[in-house]
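Chain by chain, the residues:
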Amino acid sequence: MLPRFSRKLFAPATLGSYLIPATLLPALALLMSVAPVKAEDASQYLIAEDFRSVKIKVDGQLREWPRGFAKLDKTLQGRPRQTEIMVGFDEKALYFAARTQDPQLIRTKSAGRQEDHYQIELRYPAANGQGSQLNIIDLYPGQPGQHSGLAKLNRKNLRTAQVVEKRGTGPWKKGYILEARIPWTELPRSRRLRVGLQARILYLDAERFGKISHRSATSTGRKKHLPLLTFGGESGLMQTLIERKGLNPRPDREAYGDLTGDGSLEKVALYERYLTIVGSGYLEGKKFYYSRLEVMSAQQVPQLKLLDLTGDRRPEIILSKQVGTEANYREYFQVLQLNDDGVPQQVFAHEVKIVLDDRLIKNNVQISGQGAKAQITISQDAYQGFEETTQPPPALGGGIIDALRPWQRTQEVSYAWRQGTFVEIHRVQGKPVLQSKSTAVPQVATPPLPRPPNPAELQQQVEALYRNDQKADAQPARFDFVTDVAGSASNERVLVIGRDLVVFGKEFLDGRSYTFLRIGVDTEDDLLAVTARDITGDGKAEMIVHARLKTQASEALGGQLVQRQALFIYKVFGTTLRRIFAAETMRELDNQRVIGLVKLEPSPRGVQITLAPWRAIGWKKRSYPFPEDRTAAGGLEPLLLPWGSTRERHYQFDGQSYVRVDAP
């Protein structure tokens, strides 16, 4: 176990019973380079020294080896014997160096188990359909003029391994130094798998021929409890993330697969709420990836596995996430695929469960086939507590397809990978299992769910016109989807480039021009999420933006930066974009925060927006440093406080914007 470091609680913008769409908030995602790292306490984990930029000469001199040898300070038998070791690696071999105070070397030609030698217990994880496996590497020092140094794997000689010993000098003059090189080709499992390994190193000292009198080791752990042995990116992960966050180095969930297609296996692992990727072939083994998921613990990620769902012979990352609280949460099934930079990107997501206190809607997920023949099938499974007049929370957004609801005719939908995206390939319709008798909400044709544009919808000439007009040639689009937001029933393309929200389409402005609006944030990174759905009830989708706002606190609060989040809703009127609603949804200062709820509730005139207080983290009524906002400020409807005087505020669309409909 690593020592437990002090922690700070980073609570995400958690999904309450009707909070929307907190799942859109991007996780903290980083590609981290590996800095030089060492671990002297090998009972926690042993870091292999990276020799990929150093040429090692196996001569017993240890000139190329740095300081920071790990001590074999766990005495398992006999009196303590001063011994220290280090492990290294490059692209072709595993290296080992040791120094010990042993004045008498016991060694025969046969190199038996009861003679002086070092032993590496190397455990490989269950990966790629193979179970876990323990290998024993024995390294025997030679005796000048009698026997050469020797390496064995599971008692069989390793012919191409090099083992060189040399009489010690200085503080080691009563002992000897050993240096060894073992090609990866001699270690069959290591040819593909160099992540998730565990190891313990021992020195076995014979008092006389045929009798071991002393055993010391880097750890007392055995079998599944061996410490980790880390290489390259995994070493950086241990010290940059695991140690600094005080996480258990043994992941809550892990899966192995060849994500990069180079033949080696990557390790995808979940440590509490952090998703990580490491591997000897992942970004040359010199970087690692991690992201902070929008969950509170690993228990809210019931599934992590790797499967090829696209036919490129590289598996995708499959996750299930439960976002919210124990009593109120939304679960969705997600497929992530590595982009060219090695960063996982969502290529499919479908809500599969809604839990609201004693109410439940559950979908079943089935994956059939594999590779190019793989299909994802979502079907209705179970429900309870819902009646004809009740409605579930609004769409999660962020490209997440809504769960199939019991009052819908759709019983089952299948999806498959076609031309670079997941598309619907089959739908089963039937009689709704829950018949709705309510006539309060009129049935209006709804726009399709946002999805990536196909080649015919790209309209590259209009995009180029916008980029030329606004001098945005080099800026990639941060959000890019199509749905029906204006004019005829055809789809429009919606882009977010920099801070601009851009709309154009084949039948919008005759397919020759565009409309855009600059969102009032400081930088493009402050735009956290963008999606679309019809909330005004006219059959056209409005654009919903979640953004971060930064303001300076007063001098009384030390002038610190106050982090706020806001919900913006935009609508196309004719040929122009206008904001029709804006509200503050979260405020944070020095890791203390207040989070509000946003309810989207069906009504005879589209969707009614309701703001309500939800929870505070760190702050209480007496310690909250800001006055309670009772009216809109800066165009934002106020954040409602758990201890505030207002319990709810209701807003209805009047044809131009959302206006408050309840008494102040």
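For the structure itself, look to the data block above.
Residues numbered from 1 in each chain as written. Predicted model: local features only at pLDDT ≥ 70, side-chain atom pairs only at ≥ 80, totals over all residues. Heavy atoms only, no water.

J.: Would you take a moment to explain the pairing of strand S33 (residues 527-533) for this structure?
T.: It is a general feature of regular strands that their side chains alternate between the two faces of the sheet. With respect to burial, S33 is a largely interior element, six of its seven residues being buried. Judged from the six bridges that link them, S33 and strand S34 (residues 542-552) form a sheet pairing that is antiparallel. Across the sheet, Ala 532 pairs through a bridge with Met 543, a residue of S34. (Buried < 20%, exposed > 50% of the residue type's maximum accessible area, 1.4 Å probe, protein only. Helix = DSSP H or I, 4+ residues; strand = E, 2+ residues; numbered from the N terminus. Pairing = 2+ DSSP bridges.)

J.: What is the right way to read the nonpolar core from this model?
T.: Proteins that are soluble and globular tend to have nonpolar side chains buried together. If you look at the biggest cluster of nonpolar residues, it comprises 53 residues, and the most contacted ones within it are Ile 85, Phe 96, Tyr 118 and Leu 139. Contact partners of Phe 96, with chain neighbours within four places excluded, come to Trp 65, Ile 85, Met 86, Val 87, Tyr 118, Ile 120, Leu 139, Leu 178, Glu 179, Ala 180 and Ile 201. (Core = buried A, V, L, I, M, F, W, Y, C linked by side-chain atoms within 4.5 Å. Contact = heavy atoms within 4.5 Å.)

J.: It is not clear to me how the sheet that holds strand S29 (residues 477-483) should be interpreted in this structure. Could you clarify?
T.: Sheet strands pair by backbone hydrogen bonding; their relative direction is either parallel or antiparallel. Reading across from one edge, S29-S30-S31-S32 is the order of the four strands in this open sheet, with antiparallel pairing throughout. Strands with a single pairing partner mark the edges of an open sheet, and in this sheet they are S29 and strand S32 (515-518). Put simply, the sheet's adjacent strands are angled 15° from each other on average, direction ignored. Judged from the six bridges that link them, strand S30 (residues 492-497) and strand S31 (residues 500-505) form a sheet pairing that is antiparallel. (Axes fitted to C-alpha atoms, helices over the stretch in contact; angles between N-to-C directions.)

J.: Can you help me understand helix H2 (residues 460-469) in this one?
T.: What sets the pattern is the α-helix's 3.6 residues per turn: residues three or four places apart point alike. If you check which residues of H2 are buried, you get Val 462, Glu 463, Tyr 466 and Arg 467. When H2 is viewed along its axis, its buried side chains cluster within an angular range of 140° and face the same direction. Exposed residues pointing more than 90 degrees away from the buried face of H2 are listed as Gln 460, Gln 461 and Asn 468. Along its buried surface, H2 packs onto S29, S30, S31 and S32. A positive phi of about 55° marks Lys 471, the residue just after H2. (Arc of directions from axis to C-beta.)

J.: Explanation requested: the pairing of S31 in the structure shown.
T.: Judged by how many residues are buried, S31 sits mostly within the fold: six of six residues are covered. Burial of S31 is two-sided: the residues Asp 500, Val 502 and Phe 504 facing one way and the residues Leu 501, Val 503 and Gly 505 facing the other way are all buried. One ladder, built from four bridges, connects S31 with S32; its direction is antiparallel. Bridge pairing in S32 links Val 502 to Phe 516.

J.: Which parts of the structure should I look at to understand the side chain of Gln 300?
T.: Take Gln 300: it is sitting in the loop between strand S20 (287-292) and strand S21 (303-307). A relative accessible area of 12% places Gln 300 in the buried class. Apart from residues lying up to four places away in sequence, Gln 300 is in contact with Val 295, Ser 320, Lys 321, Gln 322 and Gly 324.

Nothing here speaks to function; it is geometry throughout.
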